[in-house]
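# Examining the three-dimensional arrangement
Listed below are the residues making up each chain.
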Amino acid sequence: NERLNILSYEFDILWENLEHKPTHLCIRRALSFLGVMIVIGVTYVIVNTSSSLRLEHATNTALPTFADCNLAGDFFSNNTYDICQVNNTELFCTQCYCVQGTVRAHKDNGLKGMVEFGLNDEKCSTNGGFAESYAMSQTYSIIGSVVVVVANQSLRTLMALLSEFEQFSSVTSTSKALASKFFIAQFINTAIVLLVVNAAISNDGDIFAWIFEPFKLVGMFKGEFDDFSNEWYASVGTPLLITLAMNAVTPHIAPVTQYFVVAPLKRCL
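So, about the pattern of salt bridges. Going through the model one piece at a time under the given rule, you end up with three salt bridges. Between Asp-74 and Arg-104 there is a salt bridge, and its shortest N-O distance comes to 3.7 Å. Pair noted here: Asp-74 is in the loop between helix H3 (66–72) and helix H4 (80–87) and Arg-104 is in helix H5 (residues 90–120), with a separation of 30 residues, a long-range link. Asp-74 gets classed as partly exposed once you look at its relative accessible area, which sits at 34%. Of the charged contacts in the structure, one is a salt bridge between Lys-216 and Glu-213, with a shortest N-O distance of 3.6 Å. Separated by three residues within a single helix, Lys-216 and Glu-213 lie in helix H9 (residues 213–216), roughly one turn from each other.

The following block contains the structure:
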């Protein structure tokens with residue numbers, strides 16, 4: 001047993017990396033950290049851009065925000081729709097009716113309910129082209145989800161190369177560094193980026209609001225939602241769940257393809 005322990009210890013050591021000085025290793029690990037931050041930064045820029053395009057599209061197509069519609073009241077109670085037309089345009093009232101109806105349909109019957117409501121409701125399928133406008137708005141959100149998944153897969157490959165570049169002294173320390181850094185980077189890409197891009201933090205009545213001012217200079221905390229609500233789930237939570245689902249599936253595509261398609265073809269040929 002002692003001899004086996006010695007052999008396993010020797011196989012774990014990366015002998016060619018033992019001679020490097022701490023300064024040399026520090027420089028390599030700093031460059032590795034910089035590479036990861038660049039990938040995360042690019043992901044943030046693209047997600048932030050897709051979110052901005054979604055809000056810009058909503059503005060250009062007169063698609064009101066959830067907050068604007070909530071101020072007008074609940075369009076599924078009393079005579080809110082008729083009252084709305086007294087102070088607003090018919091297009092605004094119709095769009096708000098459809099926005100609230102879509103969120104309600106999503107809450108009751110998920111994505112299927114959203115689609116059925118948007119396409120089948122007479123007001124939403126004709127007046128103002130709500131179904132098309134809302135679908136395009138959601139498409140911008142889903143683009144952000146796809147970008148996050150692609151970035152996560154890129155990070156997986158990049159970090160494997162960077163772990164070797166950092167020249168750790170053992171296989172175990174290399175694997176440990178790879179796992180920990182990939183977890184942190186994927187967590188930031190998957191959850192934190194979407195949160196800071198879509199969160200809204202105002203300066204009104206909050207003594208700690210100044211803390212977030214430097215982040216707002218780069219587009220953070222200037223989104224649409226100031227809390228986790230049904231509306232937040234419809235616009236941010238759904239793309240987040242799509243990202244998680246894709247993250248769970250995409251790592252297995254290459255091995256499954258190799259096993260069921262590539263390998264049988266090689267054997268056949």
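Applying the stated criterion across every chain yields a total of nine aromatic pairs. For the pair Phe-76 and Tyr-97, a centre-to-centre distance of 5.0 Å together with 20 degrees between the ring planes defines the contact as stacked. Of this pair, Phe-76 sits in the loop between H3 and H4 while Tyr-97 sits in helix H5; the two residues are 21 residues apart in sequence, bridging distant segments of the chain. A ring pair is formed by Phe-215 and Phe-221, whose centres lie 6.1 Å apart and whose planes are at 85 degrees; its orientation type is edge-to-face. By relative accessible area, Phe-215 is classed as partly exposed at 39%. Three or more aromatic residues joined by ring pairs make a cluster, and in this case those are Phe-75, Phe-76, Tyr-81, Tyr-97 and Phe-117. Above the face of the Phe-165 ring, Arg-28 is positioned so that its terminal group lies 4.4 Å from the ring centre. The aromatic ring of Phe-168 is capped on one face by Arg-29, whose charged end is 4.2 Å from the ring centroid.

Evaluation of the coordinates by the stated rule reveals two disulfides. What pairs with Cys-69 in a disulfide is Cys-96, and their sulfur atoms sit 2.3 Å apart. Taking the sign of the S-S torsion, about -85 degrees here, the bridge from Cys-69 to Cys-96 comes out left-handed. Note that Cys-69 is positioned in helix H3 and Cys-96 in helix H5, a separation of 27 residues in sequence. Considered together, Cys-69 and Cys-96 belong to a single accessibility category, that of buried residues. The partner cysteine of Cys-84 in its disulfide is Cys-93, sulfur to sulfur 2.1 Å. On the sign convention where negative means left-handed, the S-S torsion of about -95 degrees between Cys-84 and Cys-93 marks this disulfide as left-handed. Of the two residues, Cys-84 and Cys-93, both sit in the buried class.

Before going further, it helps to examine H5. The terminal C-alpha atoms of H5 lie 19 Å apart, and with 31 residues this falls more than 12% below the ideal 45 Å at 1.5 Å per residue. In this structure Thr-89 caps H5, since a side-chain oxygen of it lies 3.1 Å from the backbone nitrogen of Phe-92.

Quick look at the packing of H5 against helix H10 (residues 230–249) now. Where H5 meets H10, the closest approach of the two axes is 9 Å, and the angle between their N-to-C directions is 55 degrees. Regarding the angle of H5 to H10, the classification is oblique. Two packed elements cross with a definite hand, and for H5 against H10 that hand is left-handed. Where H5 approaches H10, its residues Val-103, His-106, Lys-107 and Leu-111 are matched on the opposing element by Asn-230, Glu-231, Tyr-233, Ala-234 and Thr-238. Its residues placed into classes, the contact of H5 with H10 shows four nonpolar, three polar and two charged.

Definitions and limits used
Residues numbered from 1 in each chain as written. Predicted model: local features only at pLDDT ≥ 70, side-chain atom pairs only at ≥ 80, totals over all residues. Heavy atoms only, no water. Salt bridge = Lys/Arg side-chain N within 4 Å of Asp/Glu carboxyl O. Helix = DSSP H or I, 4+ residues; strand = E, 2+ residues; numbered from the N terminus. Buried < 20%, exposed > 50% of the residue type's maximum accessible area, 1.4 Å probe, protein only. Phe/Tyr/Trp six-rings, centres within 6.5 Å; stacked < 30°, edge-to-face > 60°. Lys NZ or Arg CZ within 6 Å of the ring centre and 35° of its normal. Disulfide = S-S within 2.5 Å. Expected span 1.5 Å × (residues − 1). Polar contact = N/O pair within 3.5 Å; in protein donor to acceptor, adjacent residues only side chain to side chain. Axes fitted to C-alpha atoms, helices over the stretch in contact; angles between N-to-C directions. Parallel < 35°, antiparallel > 145°, perpendicular 65-115°, else oblique. Left-handed = near helix turned anticlockwise from the far one by under 90°. Contact = heavy atoms within 4.5 Å. Nonpolar A, V, L, I, M, F, W, Y, C, P; charged D, E, K, R; others polar.

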